[in-house]
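# Structural description and commentary
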Amino acid sequence: MARGRLRIHLGAAPGVGKTYAMLAEAHRRAERGTDCVIAFAQPHGRPRTEALLEGLEQIPYGEAEHRGTVVTEMDLDAVLARRPQVALVDELAHTNARGSRNAKRWQDVEELLAAGIDVLSTVNIQHLESLGDVVESITGVRERETVPDEVVRRADQVELVDMTPEALRRRMAHGNIHQPDKVDAALSNYFRPGNLTALRELALLWVADRVDAHLQRYRSEHEVSAIWGSRERIVVGLTGGPEGRTLIRRAARLAEKGAGGELLAVYISRSDGLTAASPKELAEQRTLAEDLGGSFHHVVGEDIPAALLAFARGANATQLVLGSSRRRAWQYVFGPGVGATVARDSGPDLDVHIVTHEEVAKGRGLPGARGARLGGSRLAWGWAVGVGGPAALSVLLSAVDLGLANNMLLFLTLTVAAALLGGLLPALASAAAGSLLLNYFYTPPLYTWTIANPKNIIAIVIFIAVGASVASVVDLAARRTHQAARLRAESEILSFLAGNVLRGETGLEELLERVRETFGMESAALLERAGDVEPWTCAGRAGRGRPVERPEDADVEVPVGDHLALALTGRVPPAEDRRVLGAFAAQAAVVLDRRRLREQADRALALAEGNRIRTALLAAVSHDLRTPLAGIKAAVSSLRSEDVDWSPEDRAELLEGIEDGADRLDHLVGNLLDMSRLRTGTVTPLIREIDLDEVVPMALGGVPEGSVVLDVPEALPMVAVDPGLLERAMANVIENAVTHGPPGRPVLVAASALADRVEVRVVDRGPGVPDDAKDRIFEPFQRHGDAPRGAGVGLGLAVARGFAEAMGGTLTAEDTPGGGLTMALTLRAAGAPHEPARTAPPAPRASSAAPPPSASPAPSAPPTEPTERAERAERAETPDPVDPASPAESERQSS
C-alpha cells in the first residue's frame, strides 16, 4: 500500500491562520472531487474558521474521561475505518488523553499515513523539539508539547502561513484570536512585537533551510553542476598560513552585504598528510570562522585547485575568496599557482576574489614542527649502522664474491636501516661510505679509487642517488609519524582539558595535578600577585616537589597575564611542549576565576537572602505586627475612657477585639520564631509513633467551626512524627486553605495510606495557583498575587514545609480537579525505614527573571472553565502559551 502524503501548515504564532488555511485547502480539494473529511479540527470559537467547517464531512470525535471531566479527542479507529483520501488533523503536537493508543497526535498521523491516507495538519514553530530552548529564551515560556523535527522534515509539503506582527496584534486587539477579557494580558506578554518578530524569523529561517535542502537534493539527483545563485555563498580557501585570518574577515564582510549570505571556510590537504600547515593556526582560523557565523571544512584532495572548485560548486557557492600567492618570483617557473589556476577554471558563474595580505611574496614555507626527537639510543644505533655497517659488510664480503650488483643491494640495505634507526644524516653517511667502499674493493681496477668501466660509474652514482632518496623518504615518514602522534596526544589532552573545565568538573588542584602528571614534573603551582611590586602568593599547588615562592625559582615559568603564572619544577621540557603548557595555564586561570566568582556569588546570595529576610521582617513588624497592636491599644484606650459609658455589648465587643488581636500577634510571632529556628537549624524533632486522628483534630482550633470536613480513617497505620511539629504544620496548611477558599465551601482534610507512607491531603476550592508559582509559595515572606498585607507575613507554608521535612516528610502543592489547590503532606509510617531529615528548608532558588510580586501562600490566579482545566490536565503538559485552546494561559502569564 502506498504511503499517504503529509502537508503541514506551519505558523510562527497562534492566530496567523493555520487552521483556516488547512480548511480552505480541503475545500479546494473537495471541489475537485477529492474525498476529504475532518478527523479533528479546533476552530477556537473564531466565526470565519467555524464557517469553513460547513460543507466538509466531520468524523465524530472520541471521548475520554479524566478526573470526572469528559474531553474530546480524534477517533483514530473511526478514521481508519472510514478510509478517506484526505484527513484533516489539527494541532500536530497535541498530547492525547491518557489511555489513548498513542501518546502524541503526530503518532496517530503516522498511522494514517501508513494506511495510505493523505493528511493535512498544522503546527507552530515553537512546538518543534529542537527549538524549545530558543523559544524559551525569547518568550520565557517552556513549550512542553513538542513534535520531533524529523516528523515535520519528512512532510511532503510544508506551507508557511505568515503574518506580520503588526497585523497579528491587530487581529488580537479586534478579538479575533482570544476572548476580549484576555486580550490585554496576551498583548502585553506573549504577543509583544519583539516576541512575534523573533518567532517569525525562526519560522522563515526554518522553512528557508528546508527549501535549501530540497534544492541541494534536486541538484544532486539531476547532477546539476552549474551554480545557481539563489543566495550568496562565499567560500574562502585557506592554506594554513597566517594570512587565513585576513581572508576569513574579508569573506565575512562580503557575506554580510548579501541577504542570507553564508560563509564557508575550506582547507585542502593532500592525502599523504605531508602539507606543513600549522595545526594551531588552523584551529584559530576554525574558531574565527565559526565566531563570524560561518563553517569550517577540511577536504582531502591531490589537485588543490580542482578540489577547491569542486567544493565550491558542490556547495552552490557564488563567490570564492583566495589570498595572493606567497611564492617568490623565481618560484613561478614551477607553475602559475593555485589562485591563477582557480580563476582560469572557475567559469562565468563563480566570481573569484584575490585578496592581498602581509604575507605576499614572503615564501611558501609554512610553520611546522622542526623534526622528530628520535632519542639518543636510536641516533647512536643509526650512526653505528651508517658508519660501521659498511666497513663490517666489506669484511664479510671479502670472503665471498657475490658480484657488483648484489654488493650494491647489500650496501643499499644498510643505508635504509640507518635511515630507519637514525634518520637522514646517518643514512647519507652510510650511502657515502658504501659508495667509497664499493669503488675501492669491488669496482675494477680493485683497490684503487679509479673506475675503469664508465658503466660502473653510472651504477655507483645511481646507488648514491637511490640511497639518499630512500633515506630522505624514510626519514620524512618517521618525522611525520612522530608529528602525527604528538599532535594527536596534544589534541586529546586539550580536548579533555577543555571539556572538563567547561563542564566545571575540574577544580584548580585537580587541573594542576593533571599538568604535573602529563609533563612528568615534580610539582605544579599557580602563583599570583595583586600588583607589580606585591609579593607572589600560591593560589593552588599539586605535587611533592620543592615549594616555589616566585616564578623565577621554577624550572618552567608560563606567564598568564601580568599577575598570574604557572610554575613547574622537576625538569626543563622541550620547546614544543610550551604550547600545551600555555593552554593549561590559561585554563588554570579560568578555573581560578570561576572558583572565586562562585564564592562571590555564594556570599552575595547569602547577603541578598539575609537582606530580603530582614526587609520582610521589618515590613512585618512595621505593618502586620503593628496593626493588631494598634487595634489592641485603641480598644484598651476606649475601655479606659471615663467620658463614655460603654454598654455591656460594646464592652464585650472591645474585649473580643483585644483577644483577637492578641491571638493574631501570638500566631505571627510564633511563625517568626519557627522560621528563625528552621533557618538556624535548631529544630530537633522528637519522633514517636502516634495516630493521625489524635493530632489532626487539634490543628482545627484556629479556624471557624464547620469550615473543615475531616476524613481520617481510624484504620490508618500510625505515623512516626513529632506531634507538636505536625500539629503546627497542619494548622498552618488548614488555616491557609480556609482563608483563601470560597465562603460556604468547606475544606476537605483526607488521609490515606500509600505503601510505607501516609498522605494527608488538604483540598480547597479556591482559585488555584499557576504551575510556576507552586514552589514559590513555600518560600518565606511570600504572598501570592494580590493577597492583602493584613493576611499575614507569608510564613505559614514555609514553616509547614520546614517542619514536614524535619520529620522526614514532604509538603507539595497540586491542582484540585475542577478548580482549587490541594496541599499533599506525606509522612513516614511507623516502622518504615527512616531517611535523614533536613532541619532547614532549602534556600530560595536564584532566578534571572524579574522577582515575583510579594506573595503569601495563597492562590490568586482566576480559575479556568472546568472543561479547559480538565483538558489541560489531560494533556499533562503546559498547553500552547497563547493558543486560544487554553484561554487561561494569558492569565497565567500575566500573573
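Conventions adopted
- Residues numbered from 1 in each chain as written.
- Predicted model: local features only at pLDDT ≥ 70, side-chain atom pairs only at ≥ 80, totals over all residues.
- Heavy atoms only, no water.
- Helix = DSSP H or I, 4+ residues; strand = E, 2+ residues; numbered from the N terminus.
- Buried < 20%, exposed > 50% of the residue type's maximum accessible area, 1.4 Å probe, protein only.
- Polar contact = N/O pair within 3.5 Å; in protein donor to acceptor, adjacent residues only side chain to side chain.
- Contact = heavy atoms within 4.5 Å.
- Pairing = 2+ DSSP bridges.
- Axes fitted to C-alpha atoms, helices over the stretch in contact; angles between N-to-C directions.

## With respect to the environment of Arg-313
With respect to the secondary-structure elements, Arg-313 resides in helix α12 (residues 304-314). With a relative accessible area of 26%, Arg-313 lands in the partly exposed category. Along the sequence, Arg-313 and Ser-346 sit 33 residues apart, while their C-alpha atoms lie 9.3 Å from each other. Among the polar contacts made by the side chain of Arg-313, one reaches the main-chain carbonyl oxygen of Ser-346 at a distance of 2.9 Å.

## Things to note about the side chain of Ser-707
Residue placement: Ser-707 occurs in the loop between α22 (692-695) and β19 (708-711). Owing to a relative accessible area of 13%, Ser-707 belongs among the buried residues under this scheme. Discounting residues that sit within four places of it in the chain, Ser-707 has contacts with Val-738, Pro-746 and Val-747.

## Examining the pairing of strand β17 (residues 564-569)
Of all six residues in β17, six are buried, a share of seventy percent or more. Going residue by residue along β17, you find Leu-564, Leu-566 and Leu-568 tucked away on one face and Ala-565, Ala-567 and Thr-569 tucked away on the opposite face as well. Note that strand β14 (residues 523-528) and β17 share six bridges and pair antiparallel. Pairing of Glu-528 across the sheet is with Leu-564, part of β17. Relative to β17, strand β16 (residues 556-559) runs antiparallel, the two being bridged by four bridges. Bridging across to β17, Val-558 finds its partner in Leu-566.

## Considering unusual backbone geometry
The backbone of His-44 shows a phi angle near 60 degrees, a positive value even though the residue is not glycine. Among the secondary structure elements, His-44 is positioned in the loop between β2 (36-40) and α2 (47-51).

## Regarding the sheet that holds strand β6 (residues 86-89)
Two pairing modes exist for strands in a sheet, parallel and antiparallel, and in both the strands are linked by backbone hydrogen bonds. The six strands lie next to each other as β3-β2-β6-β7-β1-β8, forming an open sheet whose pairing is parallel. Either end of the sheet is taken by a strand with one partner, and the two such strands are β3 (57-58) and β8 (157-161). Looking at chain direction, β2 and β6 are connected through four bridges and run parallel. Bridging from a neighbouring strand, Val-37 pairs with Ala-87 of β6. Contacts between helix α1 (residues 18-31) and the sheet are confined to β1 (6-11), β2, β6, β7 (118-124) and β8, with β7 contributing the most and set at about 165 degrees to the helix.

Distances and angles like these do not, on their own, reveal function.
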